[in-house]
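Breakdown of the fold
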Amino acid sequence: MDTQTIIIDKENIDEQAIARAGELIKRGGLVAFPTETVYGLGGNALDGKSAEKIYKAKGRPSDNPLIIHICDIDDLQYIVKSIPPEVYRLADSFWPGPLTLIMNKSSKVPMQTTGGLETVAVRMPSDSIALLLIKAAGGYVAAPSANISGRPSPTTSKHVIEDMQGRIDMIIDGGDADFGLESTILDLTGQVPVILRPGTVTLEMLLTVLEDVQLDSVLHTNYNKEPPKAPGMKYKHYAPKGEMHIVEGNRQAVIRYIHNKIEEEHSAKLGIICMEDTLKSYPQGVIIKSLGSRENENEIARNLYRVLREFDEEEVTLIYAESFDVNSGVGHAVMNRLLKAAAYHVVKV
Ligand code: TXA
Ligand code: MG
């Protein structure tokens, strides 16, 4: 399949190009587009065949449901059974933005879109290109992250091209994603709202508009004990090609441990993930990448997936990542992704 890539300037959006992309989605095509979190792979959410095409293009199991992206809160009622009252408060504070809400679905949403579930995930992104595209596509765009299943989510158009060239109809290049981590997923179908996937809308932020919020128990207990409620969280996601270990402990002890590994591990191609302040603590000759400043967890979030992809490109076979003290909800979200990338291999020193 020929994949057309178009560049769109956020400051001066070519609405005709957006209209063409929207038309493609309406007719059952697939278009990758930027959002403020990561790039999405968009298809018509109300057409089961489009959902099937999305699963195929990503190589994703078809029991892993898609998020429906909307551009107007008035469009929500069509795709859900009823609107829980807290949705209006949440939308007032966090939409458009990186928050996905799970509700009971209406009969208008095909089972393929929800991976066979009676519930549906909905989000209104804040990216201006995304909002115009959703409108041009008829209001309901199903979009998972635009990566091949099992690879880190794409935060730049280059990542999307690497994974999706030849597999979809169009890629809209709209620059780098602002946040670099996928949206927070909040399940509103139970007694108490539950965070199924942490993101940049944090527990603390949600508690400013909701009386009670819980974290899905798998997010702070042993990953393997219970199946997570968001189907996608059970797959080994965000996985770099190399085996990865997170090293946790006092900063000097962590550096010493990684130094020893550099001495010992001659058969592997080593990569190290560190922070800005420890970048100079490691010898030359190994591949070292910083995620940014320990004090700026948003910066760490923005860099994580790019760094993981770079290690893949350089065919690193063994990665040691410094842990960092989590200071905020964003840090918690980054640590969640890092732990998954490392398949929960943590060394305590
Ligand atoms: O930031 C984001 O959310 C990005 C951008 C493109 O919007 N999208 C994204 O989609 O990360 P995806 O498909 O890569 O991740 C969606 C997650 C999966 O773990 C999926 O299992 C979960 O949402 N999910 C979707 N519908 C669900 C539902 N009805 N119940 C529980 N989990 C659901
Ligand atoms: Mg994904």
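Residues numbered from 1 in each chain as written. Chains lettered and ligands numbered in written order. Predicted model: local features only at pLDDT ≥ 70, side-chain atom pairs only at ≥ 80, totals over all residues. Heavy atoms only, no water.

Read across the open sheet, the 11 strands follow the order β1-β8-β2-β3-β7-β4-β6-β5-β9-β10-β11; overall the sheet is mixed. Either end of the sheet is taken by a strand with one partner, and the two such strands are β1 (4-7) and β11 (214-215). In this structure, strand β2 (residues 31-33) lies alongside strand β8 (residues 170-173), joined through 2 bridges in parallel fashion. Paired with V31 across the two strands is M170, which belongs to β8. (Pairing = 2+ DSSP bridges. Helix = DSSP H or I, 4+ residues; strand = E, 2+ residues; numbered from the N terminus.)

In this section: the nonpolar core. Judged by nonpolar contacts, the single largest core of 43 residues is most densely connected at L90 and L186. Every element with two or more residues in this core is listed here: α2 (48-58), α3 (76-79), α4 (86-94), β5 (99-104), β6 (119-123) and α6 (157-164). Excluding its chain neighbours within four sequence positions, the residues that come into contact with L186 are L90, L99, T100, L101, I102, P193, V194, I195, L206, L210 and V213. (Core = buried A, V, L, I, M, F, W, Y, C linked by side-chain atoms within 4.5 Å. Buried < 20%, exposed > 50% of the residue type's maximum accessible area, 1.4 Å probe, protein only. Contact = heavy atoms within 4.5 Å.)

Our focus in this paragraph is the pattern of salt bridges. With the rule as written, the count across this model stands at 17 salt bridges. Put simply, R337 and E182 hold a salt bridge, and the shortest N to O gap is 2.9 Å. Of the two residues, R337 is situated in helix α10 (residues 329-341) and E182 in the loop between β8 and β9 (184-187); the sequence distance between them amounts to 155 residues. Here the two residues R337 and E182 agree in accessibility, since each one is buried. A salt bridge links R294 to E322; its shortest N-O distance comes to 3.2 Å. Placement of R294 in the loop between β14 (287-290) and α9 (297-313) and of E322 in strand β15 (residues 318-322) is noted, with a sequence separation of 28 residues between them. Across this residue pair, the class does not change: R294 and E322 are buried. (Salt bridge = Lys/Arg side-chain N within 4 Å of Asp/Glu carboxyl O.)

Turning our eyes to something else, we now look at the packing of aromatic side chains. On inspection of all chains with the given rule, the structure shows 2 aromatic pairs. With a centroid separation of 6.1 Å and an interplanar angle of 70°, the aromatic rings of Y257 and Y320 are classed as edge-to-face. With Y257 in helix α8 (residues 251-264) and Y320 in strand β15, the pair connects residues that are 63 residues apart, well separated along the chain. Taking relative accessible area as the criterion, Y320 reaches 4% and is therefore assigned buried. Across the ring face of F311, the terminal group of K289 is positioned such that the distance to the ring centre comes to 5.6 Å. (Phe/Tyr/Trp six-rings, centres within 6.5 Å; stacked < 30°, edge-to-face > 60°. Lys NZ or Arg CZ within 6 Å of the ring centre and 35° of its normal.)

This paragraph deals with the sheet that holds strand β16 (residues 346-348). Judged by pairing direction, the sheet is parallel, and its 5 strands sit side by side in the order β14-β13-β15-β12-β16 without closing on themselves. Looking along the sheet, the strands with just one partner apiece sit at the ends: β14 and β16. Each adjacent strand pair in this sheet contributes to an overall mean axis angle of 25°, direction not counted. When strand β13 (residues 270-274) meets β14, the two strands line up parallel, connected through 4 bridges. In the strand pairing of β14, C274 is matched with S290. In the packing of α8 onto the sheet, the strands contacted are β12 (243-248), β13, β15 and β16, and the crossing angle to β15 comes to about 170°. (Axes fitted to C-alpha atoms, helices over the stretch in contact; angles between N-to-C directions.)

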